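Geometric and topological summary
Spelled out, the chains give:
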Amino acid sequence: MVYPIGVFSEKVILFKNMTYEEKYYDKANQNEGDKSSLRNAVAGFLASHAKEGDLILEVGCGSGILIPGLPRGVVYTGVDVSSYGLSQARARFKDVSFIEASSDKLPFNSGAFLYVVSVFALEHFPKPKESLDEIIRVLKPGGYLLLLAPNLEFPFARLNAIRHLSLIHRMFFMVKRIGDYFLRLFGVFTFRTIAENYTETTGRYDRPDDDLTYAVSSFEVINYLSRRHSLRLLAGGVPTTSSDWCGHLRKIVQFLPAMRYYGGVLFVVMEKPHERKN
């Protein structure tokens, strides 16, 4: 599965353990090659659409891995809660603006940015729905939202982030996720989060998604943004390309209601509608 690069969990930051953060970013940077093609897809859209002087905000920027792929002349601002990640970013990019702030309380005026990007960060937001609301608030009418995150909506998928829990608690969490699935069929979006993930409990980061907070659902995110904020979907989902039996199984699951995006990552480009004039 595809998991975070260059962004640190908004809850894990409470540990204030700089040694841990150093190890986290080292591991994330080592795994960059696995996600570079997806990250390039985000940079590619910006390269073909953004013009000189356009304002771009990245929420969960981490150490600024996306920046080298941006088109020249754009005005970039990066936001993250990790002081260590931001210190790395500031050391690499001297003339770029970086701000330490939470994703659900962005320190910007409404409609300030033509592009808002979040790359492998949404799964770490402790308040994903509120964070999405904030992201849309600061997005300019007619602007574009680009989201990239792991798609974890299959309720029977095993999550490393809860492997420290007892079997009973893991089963109970799975039952909740099954309930979440059926609620999505009726337009109810729960944005299921993990109260204390493996990393928060143990202080360790050993496997991908150990510090996961939000069990991302592509269907949930896309439909919430479409219904709540009237965003128009321009591109959504990265389908599975595997031809083995697992790939065929994923394609079968995609026929289930609310599972059309299963088997790939969450990668969406959405446009915010212009304000109506009376």
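Structure: above.
First things first, this report covers the structure right here in the doc. Predicted model, so just to flag it, every value in this text is computed and none were measured. (Residues numbered from 1 in each chain as written. Predicted model: local features only at pLDDT ≥ 70, side-chain atom pairs only at ≥ 80, totals over all residues. Heavy atoms only, no water.)

1. A short note on the packing of aromatic side chains
Put simply, the rule is: Side-chain rings of Phe, Tyr and Trp, where Trp is taken by its six-membered ring, are said to pair if the distance between their centres is within 6.5 Å; with planes under 30 degrees apart they count as stacked, over 60 as edge-to-face, and otherwise as tilted. Think of it in three bands: with a 1.4 Å probe and only protein chains considered, a residue is buried below 20% of the maximum accessible area for its type, exposed above 50%, and partly exposed in between. A run of H or I in DSSP counts as a helix once it spans at least four residues, and a run of E counts as a strand once it spans at least two, with each numbered from the N terminus.
Scanning the entire structure with this criterion turns up nine aromatic pairs. Measuring from ring centre to ring centre gives 5.2 Å for Tyr181 and Phe182, while their planes differ by 70 degrees; the resulting arrangement is edge-to-face. For Tyr181, a relative accessible area of 10% puts it in the buried group. Ring centres of Phe191 and Tyr224 lie 5.2 Å apart, and the angle between their planes is 85 degrees; this geometry places the pair in the edge-to-face category. Taken together, the positions of Phe191 in the loop between helix 5 (167-184) and helix 6 (198-202) and Tyr224 in helix 7 (residues 218-229) put the pair 33 residues apart, joining distant regions of the chain. A relative accessible area of 5% means that Phe191 is categorised as buried. Three or more aromatic residues link up through ring pairs in this structure, and these residues are Phe45, Tyr115 and Tyr144.

2. Structural notes on a nonpolar patch on the surface
Here is the rule we go by: Residues enter a patch when their relative accessible area is above 30% and they make no salt bridge; the linking distance is 9 Å between like charges and 5 Å between nonpolar side chains (Val, Leu, Ile, Met, Phe, Trp, Tyr). Computed with the Shrake-Rupley method and a 1.4 Å probe, the accessible areas treat only the protein chains shown as cover for residues. A carboxyl oxygen of Asp or Glu within 4 Å of a side-chain nitrogen of Lys or Arg is what we treat as a salt bridge.
Nonpolar side chains collect at one region of the surface, where Phe182, Leu183, Leu185, Phe186 and Val188 lie side by side and expose about 490 Å² of accessible area between them. Its location among the elements puts Leu183 in helix 5. On the basis of relative accessible area, Leu183 is assigned to the partly exposed category, the value being 35%.

3. So, the pairing of strand 1 (residues 55-59)
Definition in use: One requirement defines pairing of two strands: DSSP has to find at least two bridges between them.
Buried residues dominate strand 1, accounting for four of its five residues. Sheet topology note: the strand 1/strand 2 (residues 75-80) ladder contains five bridges and is parallel. The residue bridging Glu58 from the neighbouring strand is Gly78, located in strand 2. When strand 1 meets strand 4 (residues 113-119), the two strands line up parallel, connected through three bridges. Across the sheet, the residue bridging to Leu57 is Val116, located in strand 4.

4. Structural notes on the sheet that holds strand 1
Each strand in a sheet pairs with another by means of backbone hydrogen bonds, the pair being arranged parallel or else antiparallel. To keep it simple, the criterion reads: Note on definitions: angles span 0 to 180 degrees between N-to-C directions of axes, and those axes are lines fitted to C-alpha atoms, for helices only across the stretch in contact. Working rule for contacts: check all heavy atoms of both residues, and any pair within 4.5 Å makes them a contact.
Pairing within the open sheet is mixed, and its seven strands lie in the order 3-2-1-4-5-7-6. The open sheet has two edge strands, strand 3 (97-100) and strand 6 (232-236), and neither has a second partner. On average, adjacent strands in this sheet sit at an angle of 20 degrees to one another, irrespective of strand direction. Packing against the sheet, helix 3 (residues 83-92) makes contact with strand 2 and strand 3, and its axis sits at approximately 170 degrees to strand 3. Here helix 4 (residues 128-138) sits on the sheet and contacts strand 1, strand 4 and strand 5 (139-149); the angle it forms with strand 5, its principal contact strand, is near 140 degrees.

5. Quick notes on the packing of helix 4 against helix 7
As a reminder of what qualifies: If an angle is under 35 degrees, it is roughly parallel; if it is over 145, roughly antiparallel; if it lies from 65 to 115, roughly perpendicular; otherwise it is oblique. Crossing handedness is defined as follows: a turn of the near helix away from the far one that is anticlockwise and smaller than a right angle gives a left-handed crossing, while the clockwise case is right-handed. The classification used treats Ala, Val, Leu, Ile, Met, Phe, Trp, Tyr, Cys and Pro as nonpolar, Asp, Glu, Lys and Arg as charged, and all other residues, Gly among them, as polar.
Interhelical geometry of helix 4 versus helix 7 gives an angle of 50 degrees and a closest axis separation of 11 Å. For the element pair helix 4 / helix 7, the angle class is oblique. The way helix 4 lies across helix 7 gives a crossing that is right-handed. In this structure, helix 4 contributes Lys129, Leu132, Asp133 and Ile136 to the contact, and helix 7 contributes Val221, Tyr224, Leu225, Arg228 and His229. When the residues that make up the contact of helix 4 with helix 7 are grouped by side-chain class, the tally is five nonpolar, one polar and three charged.

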